[in-house]
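Structural overview
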Amino acid sequence: MVLALTVCGIVVALVVVGLFLFGLRRRLIQRSGGTFDCSLRWDVGEKPDAGGKGWSYGVARYNGDRIEWYRVFSYAVRPRRVLERAQIEVAGRRLPEGEEELALLSDAVVLACTHRGTRLELAMSEDALTGFLAWLEAAPPGQRVNVA
């Protein structure tokens, strides 16, 4: 009986510590400001799958001329993807289709892009999209920015 209570106590303590670390990590990412909720689908084919597969929920953070993208359900302190402003080309935008609506946040808009030749899609709110496109267009003089 004592052993079972001890094991249960350890399991509960580990779950609490794990949740605390998730919250602390998110707080550290958002500390410097300039963050927004952003789902990412990397290496998308010519015809995107509307089945909702491949999307990862995350938080993106502006950092100078880069966007750093972090997975929400991860303990990693480094960004999973880094997108340089000069390398992002916007191909278009659309509303989620089919099962994508279930995989993404309710007010999401999907932005099709390429980054260094890799096709990707970003899904974010309309407000975040406006800020993202303004950030792209606000590149320093002499930088090439392609916004469709």
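That block above? That's the structure.
Residue positions within a chain follow its written sequence, with the count starting from 1. Restriction of local features to residues with pLDDT of at least 70 applies here, the model being predicted, together with a cutoff of 80 or more for giving and counting side-chain atom pairs; totals for whole chains, interfaces and linings are based on all residues. Neither water nor hydrogens contribute to the side-chain values; these are computed over all heavy atoms in the structure.

Observations regarding helix 3 (residues 126–137)
Spelled out, the test is: Only runs of H or I of at least four residues qualify as helices and only runs of E of at least two qualify as strands under DSSP, and these elements are numbered from the N terminus. Each helix should span, by expectation, one fewer than its residue count multiplied by 1.5 Å. Each residue is assigned to one of three classes by its accessible area relative to the maximum for its type, calculated with a 1.4 Å probe on protein chains only: buried under 20%, partly exposed between the two thresholds, exposed over 50%. Picture the helix axis, draw a direction to every C-beta atom, and the arc is the one those directions span. The contact rule is simple, with two residues in contact once any of their heavy atoms fall within 4.5 Å.
Across its 12 residues, helix 3 extends 17 Å between first and last C-alpha, which sits within 8% of the 16 Å expected from 1.5 Å per residue. For helix 3, the set of buried residues is Ala128, Leu129, Phe132, Leu133, Trp135 and Leu136. For helix 3, the buried positions fall inside an angular range of 155° around the axis, keeping them on one side. Facing away from the buried surface of helix 3 by more than 90 degrees, the exposed residues are Asp127, Thr130 and Glu137. Against the buried residues of helix 3 lie strand 1 (35–37), strand 3 (58–63), strand 4 (66–71), strand 6 (88–94), strand 7 (108–115) and strand 8 (118–125).

Topic: helix 1 (residues 2–30)
Counting along an α-helix, one turn takes 3.6 residues, and residues three or four places apart therefore face a common direction. The end-to-end C-alpha distance of helix 1, which contains 29 residues, comes to 42 Å, matching closely the 42 Å that a straight helix rising 1.5 Å per residue would cover. Of the positions making up helix 1, those classed as buried are Gly18, Arg25 and Ile29.

A word on a nonpolar patch on the surface
This is how the line gets drawn: Patch members must show over 30% relative accessible area and no salt bridge, and they are joined within 9 Å when carrying like charges or within 5 Å when they are nonpolar side chains of Val, Leu, Ile, Met, Phe, Trp or Tyr. Accessible areas in this description were obtained via Shrake-Rupley with a 1.4 Å probe; residue shielding takes into account the shown protein chains only. Should a side-chain nitrogen of Lys or Arg be within 4 Å of a carboxyl oxygen of Asp or Glu, the pair is scored as a salt bridge.
A cluster of nonpolar residues, Val17, Phe20, Leu21, Leu24, Leu28 and Tyr75, forms a patch on the protein surface that exposes about 570 Å² of accessible area. Within the fold, Val17 resides in helix 1. By relative accessible area, which is 45% here, Val17 ends up partly exposed.

Here's the deal with the state of the cysteines
Selection criterion: The definition used for a disulfide is geometric: two cysteine sulfur atoms within 2.5 Å.
Applying the stated rule across the entire model yields 0 disulfides. Here Cys113 stays free of any disulfide, with the sulfur of Cys38 as its closest cysteine sulfur at 9.0 Å. Among the residues examined, Cys113 registers a relative accessible area of 3% and is labelled buried.

A closer look at the pairing of strand 4
Heads up, the rule is: Criterion used throughout: strands pair if DSSP finds at least two bridges between them.
Pairing of strand 3 with strand 4, which is carried by 6 bridges, proceeds in the antiparallel orientation. By the bridge assignment for strand 4, Gly58 is matched with Arg71. Where strand 3 hands over to strand 4, the hairpin turn is made up of 2 residues, of which Gly64 adopts a positive phi near 65°. Bridge count between strand 4 and strand 5 (residues 81–84): 4 bridges; the pairing is antiparallel. Paired with Trp69 across the two strands is Arg81, which belongs to strand 5.

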